[in-house]
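In case you want the letters, here they are:
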Protein chains: 2
Amino acid sequence: MPPLHRALPALRRIRLANNTFQQQSSRLGLQHTSRQAVAYPLAHQIRWQRTASRSEGEGQPTPSEPAPPARSGSKNIKYTSESYPQMQRDSRFKELDKSDVEHFRSILGESSSAIIDGVTQEASNEDLEGYNADWMRKYRGHARLVLKPESTEQVSKILKYCNDNMIAVNPQGGNTGLVGGSVPVFDEVVINLARMSKIRSFDDVSGIFVADAGVILESADSYLAERGYIFPLDLGAKGSCQLGGNVATNAGGLRLLRYGSLHGNILGLEAVLPDGTILDDLSKLRKNNTGYDLKQLFIGGEGTIGIVTALSILCPQRSPAVNVAYFGLQSYEKAQEAFREAKKQLSEILSAFEMMDGQSQNLYARASGAKLPLEEEYPFYCLIETSGSNTDHDSEKLNTFLEHVMGEEIVSDGVVAQDETQVQSLWACREGVSEASQHWGGVYKYDLSIPLPQLYDLVAEARTRFEESGLMSKEDEGKAVLDVVGYGHMGDSNLHLNVACRRYDKAVEKVLEPWVYEWVAERHGSISAEHGLGLAKKEFIGYSRSETMVKLMKQIKNFYDPKGIMNPYKYI
Amino acid sequence: MPPLHRALPALRRIRLANNTFQQQSSRLGLQHTSRQAVAYPLAHQIRWQRTASRSEGEGQPTPSEPAPPARSGSKNIKYTSESYPQMQRDSRFKELDKSDVEHFRSILGESSSAIIDGVTQEASNEDLEGYNADWMRKYRGHARLVLKPESTEQVSKILKYCNDNMIAVNPQGGNTGLVGGSVPVFDEVVINLARMSKIRSFDDVSGIFVADAGVILESADSYLAERGYIFPLDLGAKGSCQLGGNVATNAGGLRLLRYGSLHGNILGLEAVLPDGTILDDLSKLRKNNTGYDLKQLFIGGEGTIGIVTALSILCPQRSPAVNVAYFGLQSYEKAQEAFREAKKQLSEILSAFEMMDGQSQNLYARASGAKLPLEEEYPFYCLIETSGSNTDHDSEKLNTFLEHVMGEEIVSDGVVAQDETQVQSLWACREGVSEASQHWGGVYKYDLSIPLPQLYDLVAEARTRFEESGLMSKEDEGKAVLDVVGYGHMGDSNLHLNVACRRYDKAVEKVLEPWVYEWVAERHGSISAEHGLGLAKKEFIGYSRSETMVKLMKQIKNFYDPKGIMNPYKYI
């Protein structure tokens, strides 16, 4: 057992009062990365620059433009209609003509930024591309018209017209989704919320924040940080994703362990129904038991029954003290034990508990060229973050916890960040896995909820399947699969299973599907923990929901969107 | 300014590892009370024994019977149909006959505890009373049949039959509601969930607890306490109220400040729709983004679109360290300042911040005979509770906070509980207000959400109105109103306005209504923060919700319950 001192003397208070941090490399010799803009070697291989991934390692477009950035090279992305040839355009939907565009112009006014018109004008593919293609380069639609309303009333008028005229629409926020939900499939009109980006109000006693749907998550969080508060949601796409999209997809991310889900934090919503009705439920009250909580249907509704235009959310106070530790462990059982102890001993200050397997860390080191924090290799690693109001108290709690888990040989070795740079370096070991997974050409990704005791079994079994299939080799470039890695939000029982590939291959897919979904269904898990259904998982909902539930959901969809114009071909 | 030592030397760690505490009176000379069973002098004046009120001071039936206890003397309670003569029985509903009862018997079996039959047999009024009358003695129905299913399948069969035959039903949990939602108005069949009282599962790593709807809240919390966990909801009725009723009314209570609302904590529900369909959404996953979150409609749906039969809920770990402090303050502004400082300095360990005005404390002292904790009188008082994992750290944080608020003269005087008895005594000053308010004969109660800066203005203005009306006097027994008091969950912006009366009087009501509702509506507050709509507030929803919202809610009601059999005459 390694000596305790590796972890303990490193213990020091860290203040993250603002998000700036030194650019120098840390004492541990780790390469510097930042949560705002990862720039490690593999980044250049990806067509557009990305921010660091704080959640499921999702590289993201840079936040230089509010939304959405140009997707250079999207011409090379296959159209969704070609990838899914069995999917046909619904012929009931009207094809846009000049009169439609004129009507939309009459609603939106003459601002050149309000409409991108490829119907009556020669809008270049380039202009439309950023709205048609998703950042994963997996989905691409044929939309010829993008509308950018700047008020709820405009959204209402647009939807009413579309509903009256059977025009299909695709609501769009920052277009950072991972399941093809945010881009059109055929010629749906894109309704992009980027121009609705006002912060409406903030109360610094109650912490209640009200903003338009088009506000970028990072802007909201920065605004709150200046006032001593924190947005109760954080994820890799924060520099591009919009609050409305976060609500529509019920985004999970890194702060869920501590602050809970949007279903609890969202106090009010403003949304527009397909017929133009404005659901005006923008309550700023923490308690309001007056009738059905209809807004909840729009949280996670993925734009299929209405468009969220504004939200009211309860924000907690920002913690002045943040500590991050990184451990090596001998088994998944030990990781579970460490989690149990962390919950018990760190209790109210525990803000993240992430698990990464050894393969994921090796893949990250190999792809990024970074040196891993621990000298030796371990089959499992955990990253723990604490956030509290008192640095001394937090350090003492962490110290006691460390002494315990090392004394009991639960944890084999560990380091604690001594400054903000080291905090970033340790987080990069978790955040960098997603990009590392697709570094060699492609990745099959699964976002799953699985009961904690069985969570890692799936990864081990998947690895065995690939070993037996003869499709996998770390060295042999002829093999499609490089490695199988598992990591994720252990505190939320949320596993990310990534199969790192050299190329996409139907044989690989056959090893994985439907086996992964069946495996998860047998253990009553979820085939979509935090990413949603979108287009990618539409067909698989039956693995996580009963026939009755799917039937009831379809009823609600038909109830609010009887003509089916809202984000068609997706969800359920 | 009083010397600091009154507060500071009293500071000591308190462990609440179990709920037992010494029966001796405290050093402060406060009378002993317990959270489980208040027995102060006014209790005997109330017909049935009550537990201490932890939330909106709701006295409750004793938990000696699972549910519901006999309501002796309910014959003296006016029938709701008489109090609301404008309300007529809906003639579309079938009147029960022998064949209906026989059918229900065929579903429920021969157990004598499954049916209370006043239709074909001579069930005494006494037998039916506990199900017809609410504990506030304000509402009383004419039900002649009570059904007590013991499985979800039985609930399904009962509802299907009722729906097919146009039989109105009244779902009932512990019957501890405050707005007349839990008892029938006319002859609705009572479906009481008391026999569905099994704890289904608990995972001591994730904290996920699954139980039948009929489990008593206190039983659930005790079960969890033994395992180091806590139910994320606590309220005065805990000894009688059932989890299903808590969900159906979206109960708020004392732990909301810390753990958030049921919309965030409930992970899954099982519910039966009017047509017998079982909504099987009893997920044990913290994250599950696979379709519309339909269960949310049943949280706060007050039994109007279905009956909740089981729930899955995320429970936090129990804090080993609990501290309680009680302060006197010179103004409501100071109370707001104290709240702001408490949020900042106590941050992650703050578990309650309650406000009581001077009048409420005097009324409590007068009614209970208890001595108040502070020597001098103040216009405002606050009660603060902290819960954390480390007693030393928590005490130090509280100490620093106390030094600050007393040094800055935000707080004028204060005490900190030194043992569990004192914890109870301090809580009793807050909890006892509700019963004290009705000690002299009656009380008009309002449960309101109001933006914090204006929260107390309503109480002051109400007091002025009564002073000007000539209806109020502390001494003159001829006056209907004794006093106007304000208190509540300041941390949630939730005010309880109580007008303590010597008798119910239409003139008093005229001073209050619709003025209170208009006042709250003008400030965009809520006329029901945590108690729900039920029968009492059905007519007033327009003060808190727009016409559009009410219309959308009525659509949902009609969608799920097209025949309107579920808890009729109530809600919206």
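Structure's up top.
Residues numbered from 1 in each chain as written. Chains lettered and ligands numbered in written order. Predicted model: local features only at pLDDT ≥ 70, side-chain atom pairs only at ≥ 80, totals over all residues. Heavy atoms only, no water.

Chemist: Just to check I follow, could you spell out the environment of B:Leu269 for this structure?
Modeler: Residue and element names in this part refer to chain B. Tracing the chain through its elements places Leu 269 in strand β7 (residues 266–272). The buried category is assigned to Leu 269, whose relative accessible area is 0%. Taking the C-alpha atoms as reference points, Leu 269 and Val 247, separated by 22 residues in sequence, lie 9.3 Å from one another. Residues contacting Leu 269, with those up to four places away along its chain left out, are Val 247, Leu 279, Asp 280, Asp 281, Leu 282, Lys 295, Phe 298, Ile 299, Val 308, Ala 310 and Leu 311. (Helix = DSSP H or I, 4+ residues; strand = E, 2+ residues; numbered from the N terminus. Buried < 20%, exposed > 50% of the residue type's maximum accessible area, 1.4 Å probe, protein only. Contact = heavy atoms within 4.5 Å.)

Chemist: So what exactly am I meant to see when it comes to the pattern of salt bridges here?
Modeler: Side chains that carry opposite charge are capable of pairing whenever their charged atoms lie near each other. Residues and elements named next belong to chain A. Following the criterion strictly, the structure yields 58 salt bridges over all chains and no others. Measuring nitrogen to oxygen at the nearest pair gives 3.5 Å for the salt bridge that ties Lys 238 to Asp 221. With a gap of 17 residues between them, Lys 238 in the loop between α5 (217–226) and α6 (243–248) and Asp 221 in helix α5 connect regions that are remote in the sequence. Given a relative accessible area of 10%, Lys 238 falls into the buried group. For Asp 221, a relative accessible area of 2% corresponds to the buried category. (Salt bridge = Lys/Arg side-chain N within 4 Å of Asp/Glu carboxyl O.)

Chemist: Before we go on, may I ask you to explain the packing of aromatic side chains in this structure?
Modeler: Any pair of aromatic rings gets described here by the distance separating the centres and the angle formed by the planes. With the rule as written, the count across this model stands at 47 aromatic pairs over all chains. Counting every residue linked through ring pairs, the aromatic cluster contains A:Phe298, A:Phe559, A:Tyr560, B:Phe298, B:Phe559 and B:Tyr560. Sitting over the ring of A:Phe93, A:Arg92 keeps its end group 5.6 Å from the ring centre. (Phe/Tyr/Trp six-rings, centres within 6.5 Å; stacked < 30°, edge-to-face > 60°. Lys NZ or Arg CZ within 6 Å of the ring centre and 35° of its normal.)

Chemist: What am I meant to see in the interface of chain A and chain B here?
Modeler: The parts lose accessible area when they come together, and the size of an interface is often stated as this lost area. At the interface, 83 residues of chain A touch 84 residues of chain B. Regarding the contact of chain A and chain B, the summed buried area is about 6800 Å², with carbon and sulfur atoms giving 55% of it. Per-residue buried area on chain A facing chain B is highest for A:Lys287, A:Asn289 and A:Tyr292; these three make up 15% of the total on that side. If you look at where chain A meets chain B, you find eight salt bridges. Notably, a salt bridge pairs B:Arg545 with A:Asp281, separated by 2.7 Å at the nearest N-O pair. Counting across the interface, chain A meets chain B through 52 residue pairs in polar contact (both at pLDDT 80 or more). (Buried area = accessible area lost by both parts, 1.4 Å probe. Polar contact = N/O pair within 3.5 Å; in protein donor to acceptor, adjacent residues only side chain to side chain.)

Chemist: What is the right way to read the relation of the copies chain A and chain B from this model?
Modeler: The two chain copies are related to each other by a rotation about an axis together with a translation along it. With an RMSD of 0.1 Å, the fit of chain A onto chain B corresponds to turning through 180 degrees and sliding 0.0 Å along the axis. Here the transformation between the copies is reduced to the relation of a two-fold axis. Taking C-alpha positions as the reference, the residue of chain A nearest the rotation axis is A:Gly264, at 1.8 Å. Same-surface contact between copies: 100% of interface residues of chain A are shared with the interface of chain B. (Least-squares fit on C-alpha atoms with pLDDT ≥ 70 in both.)

Chemist: Could you clarify how one ought to interpret the sheet that holds strand β9 (residues 307–314) of chain A in this entry?
Modeler: The strands making up a sheet are joined through hydrogen bonds of the backbone, oriented either antiparallel or parallel. Residues and elements named next belong to chain A. The sheet built from five strands is open, its strands ordered β5-β6-β9-β7-β8 with antiparallel pairing. Among the strands making up the open sheet, the edge pair consists of β5 (199–203) and β8 (278–281). Averaged over all pairs of adjacent strands, the angle between their axes in this sheet comes to 10 degrees, without regard to strand direction. The sheet contact formed by β5 and strand β6 (residues 208–212) spans four bridges and is antiparallel. For Asp 203, the partnering residue across the bridge sits in β6 and is Ile 208. Its contacts with the sheet put helix α4 (residues 152–164) on β5, β7 (266–272), β8 and β9, and the angle it makes with β7 is roughly 45 degrees. (Pairing = 2+ DSSP bridges. Axes fitted to C-alpha atoms, helices over the stretch in contact; angles between N-to-C directions.)

Chemist: In this structure, what is going on with the pairing of strand β13 (residues 413–416) of chain B? I would like to understand it.
Modeler: The side chains of a regular strand alternate, residue by residue, between the two faces of the sheet. Residues and elements named next belong to chain B. Side chains Asp 413 and Val 415 project from β13 onto one buried face, and the interleaved Gly 414 and Val 416 project onto a second face that is buried too. For strand β10 (residues 321–329) and β13, the ladder comprises four bridges, and the chain directions are antiparallel. For Ala 325, the partnering residue across the bridge sits in β13 and is Val 416.

Chemist: It is not clear to me how the sheet that holds β7(B) should be interpreted in this structure. Could you clarify?
Modeler: Residue and element names in this part refer to chain B. Strands sit in the order β5-β6-β9-β7-β8 across an open sheet of five strands; the sheet is antiparallel. What marks the edges here is a single partner per strand, and that holds for β5 (199–203) and β8 (278–281). Taking each pair of neighbouring strands and ignoring which way they run, the sheet shows an average axis angle of 10 degrees. Examined bridge by bridge, strand β6 (residues 208–212) and strand β9 (residues 307–314) share five bridges and lie antiparallel to one another. When the sheet's bridge partners are listed, Val 210 is paired in β9 with Ser 312.

Chemist: Explain the side chain of B:Ser493 here, please?
Modeler: Residue and element names in this part refer to chain B. Positionally, Ser 493 belongs in the loop between β15 (481–489) and β16 (494–501). A relative accessible area of 14% means that Ser 493 is categorised as buried. Discounting chain neighbours no more than four positions away, the residues touching Ser 493 are Leu 448, Ser 449, Ile 450, Pro 451, Leu 452 and Leu 455.

Chemist: I'm lost on the packing of helix α11 (residues 391–407) of chain A against helix α11 (residues 391–407) of chain B in this one. Help?
Modeler: How two helices sit against one another is set out by the angle between their axes and by the gap between those axes. Contact geometry of α11(A) with α11(B) gives a least axis separation of 11 Å together with a crossing angle of 180 degrees. Of the possible angle classes, the one that applies to α11(A) and α11(B) is roughly antiparallel. In this structure, α11(A) uses A:His393, A:Glu396 and A:Lys397 to contact α11(B), whose residues at the interface are B:His393, B:Glu396 and B:Lys397. Here the contact of α11(A) with α11(B) is composed, by residue class, of no nonpolar, two polar and four charged. (Parallel < 35°, antiparallel > 145°, perpendicular 65-115°, else oblique. Nonpolar A, V, L, I, M, F, W, Y, C, P; charged D, E, K, R; others polar.)

Chemist: Explanation requested: a negative patch on the surface in the structure shown.
Modeler: All names here are of chain A. A grouping of Glu 333, Glu 337, Glu 408, Glu 409, Asp 457 and Glu 461 is seen on the molecular surface, where their side chains present a negatively charged patch. Here Asp 457 shows up in helix α14 (residues 457–469). Here Asp 457 falls in the partly exposed class, since its relative accessible area comes to 35%. (Patch = residues over 30% accessible without salt bridge, like charges linked within 9 Å, V, L, I, M, F, W, Y side chains within 5 Å. Areas by Shrake-Rupley, 256 points an atom, 1.4 Å probe, with all protein chains shown as cover. Lys, Arg positive; Asp, Glu negative; His and termini not counted. Charge placed at Lys NZ, Arg CZ, Asp CG, Glu CD.)

Chemist: Looking at this structure, I do not really get the packing of helix α2 (residues 98–108) of chain A against α4(A). What am I missing?
Modeler: All names here are of chain A. Contact geometry for α2 and α4: axes closest at 9 Å, N-to-C directions at 160 degrees. By the angle between their directions, the pair α2 and α4 is classed as roughly antiparallel. Crossing handedness for the pair α2 and α4: right-handed. Residues Ser 99, Asp 100, His 103, Phe 104, Ile 107 and Leu 108 of α2 lie in contact with α4, whose contacting residues are Gln 154, Lys 157, Ile 158, Tyr 161 and Cys 162. Residue classes in the contact of α2 with α4 are distributed as six nonpolar, three polar and two charged. (Left-handed = near helix turned anticlockwise from the far one by under 90°.)

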